[in-house]
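Fold and geometry: a report
Each chain is listed here by its residues.
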Amino acid sequence: MNAAVSLASWSLGSIAAVKILQALFLVVATAGLSVLSLLTASTLKWANELPSLDGLDALEFTSTSIVYAADGATRIGLIVPAEGENRVSTNRIPVSLDEVSPAALQAIVAYEDDQFYEHYGLDLAAFLRASYEEFFGDAQRGGSTITTQVIKNTLLQEIRSERSLERKFKEIMLAIELERRLTKSEVLQRYINVVFWGGNVYGIRAAAQAYFGKDPIELNLAEGLYLARIIPAPNARHEDFVGTRASMREVLDKMVRQGTISQEMARRTWLYPLQPLGWEVTYDADGNLLSAVRTGADVLVQSSVSSDLSNDVVIAVRNWLTDRYGDSVVFGSGGLRVYTTIDVQAQLAANQASLRAEVPDGAQMAIVGVDPSTGAVLAMVGQKLEEGAVPGELNRATMSFRQPGSSFKPIVFATAIEQGGFNQATILVDEPATFAMRGQPPYEPGNHDNQYDGFQTIRANLNRSRNIPAVKALEAATAEAVAEKARELGYDVEPYWALALGSFEVTPLQHTAAMAAFANGGVYIEPYFIERVEDADGNVIYEASPHAARVWSEETAYIVLDMMHGNVVDRDPAFGLSNRAVIPGRWIAGKTGTTNDERDIWFVGMTPGLVSSVWIGNDDNTSLPSRMTLSNGNADQVNSSRQPIYAWNDFVENALRGRPADGNGFPVPDGVVFHRIDLKTGALDPNGVNAAFRQSDDLSADAFESILTISLPIDTATGLRATIETPADRIEIIEVSPEEASQYLPAEGAG
């Protein structure tokens, strides 16, 4: 009976156990099915969210843009893409595999994915390990393949920092598809161009240059191992040279075991005295570390531009690109090839002229050179360069708006010649005057020296840069006509009296281009410095087609050009203020410019093939001092006929060095003739200046009889001017005109 009871009890217990097991099974099965359902649902959801692999084609665009000079070969500088709200720049220049040393590629594969050539995008063991860590929170990560890292750093950038099965699943699915589409070499090429190497360095070209100052093709195995070692955490691992060195030993040994390299190659690699950026390292004869001292140099985040030739040009290009295409193209993707109009010789000359220029303490400057026949900018400097100083990002040639002052007067006189019937012999009186215009207060301009020259030709008035005659010329042509001509030349102006004296703002580049119309037969061409832009695939996405328009007749343009030539070569009685702008063998025309209170000083000069300007002033628009001390200790006046012209001469002489010079200047158009005139009276004078006129100009209507006379003591015995030795009883006082006075001078060498 006891046996029967025991058997019954056992049966009941067994049944209960079975039921418990069944219940547990159902619970586990239900949980498993739930998890499986969840995974299935998640998998389907993630699969539907997979980005297209076509996006990988954009990878080549996510790179540094390169800016070239006009020769198409000289690299001016780089425009570095940037990411994030703070525009952190991304220094990346894509390379092909044949531009990277095989040793460096070996090192990267050995460190990052030694099964790269064996798998199809998925390392199963690494994936299972990653999945385990997602569930159980193990902080140790790893196992990604080179292919999945390409995906993570391109198509899945937004979730690349997440630790989730979603990211892993998407990486794997896309990696498998990528391996199906591309060869191993193509995958590896993409990888070496997207890897982050610390600071703002992306891709192996930027890394090789940043850490070792080399191109990727020059990297040896030791350098390749170093770069490969720091990939997972470049900023941190770069600080741990001792740990990196030890890791390199381990990988070298592994490469020998796998037959990737020989024992001898490993030995030579270990003995190589590796010296990455920021470290000063010493080794013993066996390649072991003796010391590793941090020097402080960092892989710094660069500015968005860099240049060995002209930071100002690259900044101008960057700003133009962002205005045209937006930040997303220039800083988000990049990879553009920008071909500029910059002439290397001219740009180097501008750089040196800025470096050598002596300006008042704290003053800044801009230099611009333009080809008048095309509008192409040949050179530009937007600041006072200093030896050893990092150039700033304010390009004053294109970004600073300053008053052109008297350098605008040629445009006023050109309008008066073209629309007011003026010519070079036209007389205007330099005297105090008040000008009235409806809706404006009375205007009473003065001259910079507070003196007045009286009657003289407009050529003489331009030579002496007299203000009242310039306003009178504007009055004769009408302020509306001058303003309209100015607008055709790219200025943003309204009609008012002070327009005659350049009391509006313009950039040095725009002012230079406007004045260049005189050197281009009267045709204004919108200035440009970008010839064409290509995308990373070589497609031309922009080609320059600058706006051109005739503003002046050929005759007017040449006559004003000749007036500005007089500003350089004319002497007494109306000394040209641009007289220092002389380059032996070259025909020069130009005009100085000064604004109220000496806030801006300019010189705009022209010679065949080049129109250029120099501006000097303070950024805060305060007045320049009247004098300055030069580097040799001497003092010099500060004005538009000195510092800007000195820099202009330096620039132009070197920009055109070795290039043909034509002392006859620009071609004379049909309908222009030359007459010699007296600078003061405008009368025909065989000893006067040779000035250009329209063939139709009637000079007799412009000249006037001189009302000036000179009291001259004459020696009655000789008929010549008396000297201190002439007896008083032989002296007679006569009245003569200034033109006649020379007849009474003693012969040279006499008395």
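Here is what the cut-offs are and how they apply
The written sequence of each chain sets the order in which its residues are numbered from 1. With pLDDT at 70 or above as the cut-off, local features in this predicted model cover only qualifying residues; side-chain atom pairs require 80 or more to be listed or tallied, and sums for whole chains, interfaces and linings still use all residues. Side-chain measures here rest on the full set of heavy atoms in the structure, leaving out hydrogens and waters. Secondary structure elements are taken from DSSP: a helix is a run of H or I of four residues or more, a strand is a run of E of two residues or more, and numbering for both begins at the N terminus. The buried label applies to any residue whose accessible area, calculated with a 1.4 Å probe on protein chains only, is under 20% of its type's maximum; exposed applies above 50%, and partly exposed to all values in between. Here a residue-residue contact requires only that any non-hydrogen atoms of the pair lie within 4.5 Å. For the area figures, the Shrake-Rupley method with a 1.4 Å probe applies, and any residue is considered shielded solely by the protein chains shown. Per-residue confidence from the prediction method is given by pLDDT, with values spanning 0 to 100. Ring pairs shown here join Phe, Tyr and Trp side chains whose ring centres sit within 6.5 Å, with only the six-membered ring taken for Trp; geometry is labelled stacked below 30 degrees between planes, edge-to-face above 60, and tilted in between. Two thresholds decide whether a charge sits over a ring: the Lys NZ or Arg CZ must be within 6 Å of the ring centre and within 35 degrees of the ring normal. What counts as an axis is a line fitted to C-alpha atoms, over the stretch in contact for a helix, and the angles between N-to-C directions run from 0 to 180 degrees. Angular relationships are summarised with four words: roughly parallel below 35 degrees, roughly antiparallel beyond 145, roughly perpendicular across 65 to 115, and oblique for the angles in between. Here is the rule for handedness: rotate from the far helix to the near one, and if that takes an anticlockwise turn smaller than a right angle the crossing is left-handed, while a clockwise turn gives right-handed. Gly is placed with the polar residues, together with every amino acid not listed as nonpolar (Ala, Val, Leu, Ile, Met, Phe, Trp, Tyr, Cys and Pro) or charged (Asp, Glu, Lys and Arg). At least two DSSP bridges between two strands are required for those strands to pair. Here a helix's expected span is defined as the number of its residues, less one, multiplied by 1.5 Å. Joining through side-chain atoms within 4.5 Å is the link that ties buried Ala, Val, Leu, Ile, Met, Phe, Trp, Tyr and Cys residues into a set, and such a set is a nonpolar core.

1. Focus: the overall build of the chain
- Within the chain one finds 22 helices and 28 strands.
- Within the chain, the proportion of its 751 residues that are buried is 51%.
- For the chain, restricting intrachain contacts to residue pairs at least 6 apart in sequence, the fraction spanning at least 24 positions comes to 66%.
- Accessible surface, the chain: about 34,100 Å² in total, of which carbon and sulfur atoms supply 52%.

2. Some details on the confidence of the model for the chain
- When pLDDT is averaged along the chain, the result is 84, and 79% of the positions lie at 70 or above.
- Low confidence marks residues 41–49, where pLDDT is under 50. Its contacts with residues over four positions away, or in another chain, come to eight contacts.
- Within the model, the stretch residues 84–89 combines pLDDT values under 50 with 15 contacts to residues more than four positions away or in other chains.

3. As for the packing of aromatic side chains
- Taken as a whole, this structure holds 16 aromatic pairs when the rule is applied.
- Seen in terms of ring centroids, Phe435 and Trp497 are 5.3 Å apart; in terms of plane orientation they differ by 45°. Their pairing is tilted. Residue Phe435 is found in strand 12 (residues 435–437), and its partner Trp497 is found in the loop between helix 19 (479–488) and helix 20 (508–516); the two are separated by 62 residues along the sequence.
- When its relative accessible area of 3% is taken as the criterion, Phe435 is described as buried.
- Among the aromatic side chains, those forming a connected cluster through ring pairs are Tyr211, Phe212, Tyr226, Phe241 and Trp279.
- If you follow Arg245 out to its NZ or CZ, it ends over the ring of Trp270, 3.8 Å from the centre.
- Of note, Arg532 hangs over the ring of Tyr339, and the distance from its end group to the ring centre comes to 4.0 Å.

4. Describing the packing of helix 16 (residues 409–420) against helix 21 (residues 554–569)
- Interaxial distance between helix 16 and helix 21 falls to 10 Å at its minimum, and their mutual angle equals 135°. Comparing the axis directions of helix 16 and helix 21 gives the class oblique. In this structure, helix 16 crosses over helix 21, and the sense of that crossing is right-handed. Contacts between helix 16 and helix 21 involve Pro410, Phe413, Ala414, Ile417 and Glu418 from the first element and Thr556, Ile559, Val560, Met563 and Met564 from the second.
- Looking at the contact of helix 16 with helix 21, its residues break down into eight nonpolar, one polar and one charged.

5. Brief notes about the pairing of strand 25 (residues 689–694)
- Here strand 25 lies mainly inside the structure; five of its six residues are buried.
- Looking at chain direction, strand 24 (residues 672–677) and strand 25 are connected through six bridges and run antiparallel. Opposite Val672, over in strand 25, you have Arg694 as the bridge partner.

6. Quick look at the pairing of strand 1 (residues 65–68)
- Here strand 1 shows two buried faces, one formed by Ser65 and Val67 and the other by Ile66 and Tyr68.
- Of the strand pairs in this sheet, strand 1 and strand 2 (residues 75–79) are connected by four bridges, and their pairing is antiparallel. By the bridge assignment, Val67 is partnered in strand 2 with Gly77.
- Hairpin connection between strand 1 and strand 2: a loop of six residues separates the two successive antiparallel strands, and Gly72 in this loop has a positive phi of roughly 80°.
- When strand 1 meets strand 8 (residues 337–340), the two strands line up parallel, connected through three bridges. Following the sheet pairing, Val67 is matched in strand 8 by Val338.

7. Section: the environment of Asn220
- Topologically, Asn220 is positioned in the loop between helix 7 (204–212) and helix 8 (221–230).
- For the pair Asn220 and Thr269, spaced 49 residues apart in sequence, the C-alpha to C-alpha distance is 8.1 Å.
- For Asn220, the residues in contact, after removing those within four places along its chain, are Ala103, Lys214 and Tyr272.

8. Some remarks on the sheet that holds strand 10 (residues 377–381)
- Taken in spatial order, the five strands line up as 10-9-21-20-19 in an open sheet, and their pairing is antiparallel. Only two strands of the sheet have a single partner each, and these edge strands are strand 10 and strand 19 (589–594). The average undirected angle you get between the axes of adjacent strands in this sheet is 10°.
- Judged from the four bridges that link them, strand 9 (residues 364–370) and strand 10 form a sheet pairing that is antiparallel. Its bridge partner lying in strand 10, Ile367 is registered against Val381.
- Those strands touched by helix 14 (residues 344–356) are strand 9 and strand 10, and its axis lies near 25° from that of strand 10.

9. Concerning helix 19
- Turning to helix 19, its buried residues are Ala479, Ala481, Val482, Ala483, Lys485 and Ala486.
- If you follow the buried residues of helix 19, they end up packed against helix 16, strand 12 and helix 18 (467–477).
- The first or second residue beyond helix 19 is Gly490, which carries a positive phi of 100°.

10. Here's the deal with the packing of helix 10 (residues 241–257) against helix 11 (residues 263–271)
- Relative to each other, helix 10 and helix 11 sit at 165°, their axes nearing to 9 Å. Here helix 10 lies roughly antiparallel to helix 11, going by the angle between them. Viewed along their axes, helix 10 and helix 11 form a crossing whose handedness is right-handed. Here helix 10 contributes Arg245, Met248, Arg249, Leu252 and Val256 to the contact with helix 11, which in turn contributes Gln263, Ala266, Thr269 and Trp270.
- Residues that form the contact of helix 10 with helix 11 fall into these classes: five nonpolar, two polar and two charged.

11. Some details on helix 12 (residues 311–325)
- The first and last C-alpha atoms of helix 12 sit 21 Å apart over 15 residues, in line with the 21 Å expected at 1.5 Å per residue.
- Of all the residues in helix 12, the buried ones are Asn311, Asp312, Val313, Val314, Ile315, Ala316, Val317, Arg318, Leu321 and Thr322.
- Gly326, located one to two residues past helix 12, shows a positive phi value of around 90°.

12. Some points on the side chain of Asp697
- Summarising the element assignment, Asp697 is placed in the loop between strand 25 and strand 26 (710–715).
- With relative accessibility at 16%, the residue Asp697 sits in the buried group.

13. So, the nonpolar core
- Tyr491, Phe518 and Leu561 are the most contacted members of the largest nonpolar core, which has 60 residues in total.
- When residues of this core are traced back to their parent elements, those giving at least two are helix 16, strand 12, helix 17 (458–463), helix 18, helix 19, helix 20, helix 21 and strand 20 (600–607).
- Here this core gets seven residues from one element, more than from any other, and that element is helix 21.
- Here Leu561 is in contact with Phe518, Ala519, Trp587, Ala589, Met606 and Phe666, once residues within four sequence places are set aside.
- Counting 52 residues, the second largest nonpolar core, distinct from the first, contains Val100, Leu182, Ala228 and Leu274.

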